[in-house]
Amino acid sequence: MEIKEIKFNKKYGQNFIFDTNLLNSIVSDAKISKEDEVLEIGTGAGTLTKIIAKKCKKVVSYEIDKNLQSVIQQNLSEINNAVVIYKDALKEEIKNIENNFEDSYSIIANLPYYITTPLILKFILQTKRVKKITIMVQKEVAERFSAKCNSKDYSAITVLLNFYGDVKILRNVSKKVFVPMPKVDSAVVQINLENGKYECDEKLFLQIVKCAFLMRRKTIYNNLQKGLNITKDEVTIMLKKCNIDFNKRAENLTVENFVDLTKAYFDTISQ
Ligand code: SAH
């Protein structure tokens, strides 16, 4: 199959990778073995799928665009441990996706940037079976995911991802390797979910983080006071208990600080 024979569909954010060196590097970055089951999202022409398949036990790949079926079939003709499912991975229920796997699994994906965050959240919040997510994202998004506390990129999503796992930028990728070429550069990010470090009520944690970052320029005191349904005195007690300066902003709080706040909030509302 020649690249020029493929009809790229803009609607689905199709920017494919054909560079075998890069594809090999992405798969070796993901550190998967012959015992691993892998979920890929966004099969494209199946170039990444093929390399993943050679390195793992089984790969299940979701592709929304049925028109790619013949290209994919050609590319995967010699591969017998890859299953391609022509469905929207965002809409597919997690239990249907997971029926394809015996045990926990890893995710590898190079997919359109507009679905990156919703997809990551889906697999972080709705299941505990994912070992690690290795994903190509826009460079700026990679920087936000792995931002340090006290920096301008440090956001609610940074805190959330670092609560559930370890986030690392594995490599930067020039926009020039994609066909067709997108406007922005990319990076491969890995979120390792295997050793959860923190224990607290997850729902309350999400509520606190969301509320703390609601108005970035406002103090933690103001945001919590506005966003949580508790009295000013209760917010004061919570912050004191956690040793957090009232004038700090969400961007100055570590993941540990948010975990402490969640526990203090839990105590407040359970009284
Ligand atoms: N992984 C391939 C393709 C990257 S382009 C490669 O690296 O070359 C992104 C792919 O994701 C496209 O094929 C697009 O059709 C597919 N896609 C977009 N939205 C999707 C969704 N919601 N579910 C499944 N696949 C999707």
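Residues numbered from 1 in each chain as written. Predicted model: local features only at pLDDT ≥ 70, side-chain atom pairs only at ≥ 80, totals over all residues. Heavy atoms only, no water.

A. Fine view of the overall build of the protein chain. Along the backbone of the protein chain there are 11 helices and 9 strands. Expressed as lengths along the three principal axes of its C-alpha atoms, the size of the protein chain is roughly 65 × 40 × 30 Å. Across the 271 residues of the protein chain, 49% fall into the buried class. Within the protein chain, counting contacts between residues at least 6 apart in sequence, those at least 24 apart form 67% of the total. Of the roughly 13,900 Å² of accessible surface on the protein chain, a fraction of 48% belongs to carbon and sulfur atoms. Side chains of the protein chain give 42 positive and 33 negative charges; the mean places of these two sets differ by 5 Å. (Helix = DSSP H or I, 4+ residues; strand = E, 2+ residues; numbered from the N terminus. Buried < 20%, exposed > 50% of the residue type's maximum accessible area, 1.4 Å probe, protein only. Contact = heavy atoms within 4.5 Å. Areas by Shrake-Rupley, 256 points an atom, 1.4 Å probe, with all protein chains shown as cover. Lys, Arg positive; Asp, Glu negative; His and termini not counted. Charge placed at Lys NZ, Arg CZ, Asp CG, Glu CD.)

B. Spatial organisation of the site of the ligand. Close to the ligand lie 23 residues; Ile17, Gly42, Glu63, Asp88 and Asn110 are nearest. In this structure, Gly44 approaches the ligand through a main-chain N or O atom, which is 3.4 Å from an oxygen atom. At 2.9 Å from a nitrogen atom of the ligand is found a side-chain nitrogen or oxygen belonging to Asp88. With the chains in place, 98% of the 580 Å² that the ligand exposes on its own is no longer accessible. (Near = heavy atom within 4 Å. Polar contact = N/O pair within 3.5 Å; in protein donor to acceptor, adjacent residues only side chain to side chain.)

C. Local environment of the domain arrangement of the protein chain. Looking at the assigned domains, one finds that the protein chain contains domain 1 (3-193) and domain 2 (202-268). For domain 1 versus domain 2, the separation of C-alpha centres amounts to 34 Å. The interface of domain 1 with domain 2 comprises 14 residues on the first partner and 14 residues on the second. Between domain 1 and domain 2 lies a buried interface of about 1,200 Å² when both sides are counted; carbon and sulfur atoms form 67% of it. Per-residue buried area on domain 1 facing domain 2 is highest for Tyr154, Val159 and Phe163; these three make up 42% of the total on that side. At the boundary of domain 1 and domain 2, one finds 1 salt bridge. Among the salt bridges present, the one from Lys128 reaches Glu202, with a minimum N-O distance of 2.9 Å. The interface formed by domain 1 and domain 2 holds 7 residue pairs in polar contact (both at pLDDT 80 or more) in total. (Domains from an automatic or database assignment. Buried area = accessible area lost by both parts, 1.4 Å probe. Salt bridge = Lys/Arg side-chain N within 4 Å of Asp/Glu carboxyl O.)

D. Seen up close, empty space enclosed by the protein. In the structure shown here, the tally under the stated rule is 1 cavity of 30 Å³ or more. Space inside the largest cavity adds up to approximately 40 Å³. Lining of the largest cavity is provided by Ile41, Ile107, Ala109, Leu111, Leu119, Ile120, Phe123, Ile133 and Ile135. The biggest single contributor to the lining of the largest cavity is helix H5 (residues 116-125), with 3 residues. Within the lining of the largest cavity, the residues separate by chemical class into 9 nonpolar, no polar and no charged. (1 Å grid on protein atoms, 1.4 Å probe; cavity = no way out; pocket = protein on both sides within 12 Å on 5 of 7 lines; lining within 4 Å. Points joined across faces, edges and corners; volume = space filled by probe spheres on them. Nonpolar A, V, L, I, M, F, W, Y, C, P; charged D, E, K, R; others polar.)

E. Region of the structure containing the packing of helix H8 (residues 202-212) against helix H11 (residues 255-270). Interhelical geometry of H8 versus H11 gives an angle of 115 degrees and a closest axis separation of 9 Å. Regarding the angle of H8 to H11, the classification is roughly perpendicular. The handedness of the crossing between H8 and H11 comes out as right-handed. Taking contact as the criterion, the partners of Leu204, Phe205, Gln207, Ile208, Val209 and Ala212 in H8 are, on H11, Val255, Phe258, Val259, Leu261, Thr262, Tyr265, Phe266 and Ile269. Residue classes in the contact of H8 with H11 are distributed as 12 nonpolar, 2 polar and no charged. (Axes fitted to C-alpha atoms, helices over the stretch in contact; angles between N-to-C directions. Parallel < 35°, antiparallel > 145°, perpendicular 65-115°, else oblique. Left-handed = near helix turned anticlockwise from the far one by under 90°.)

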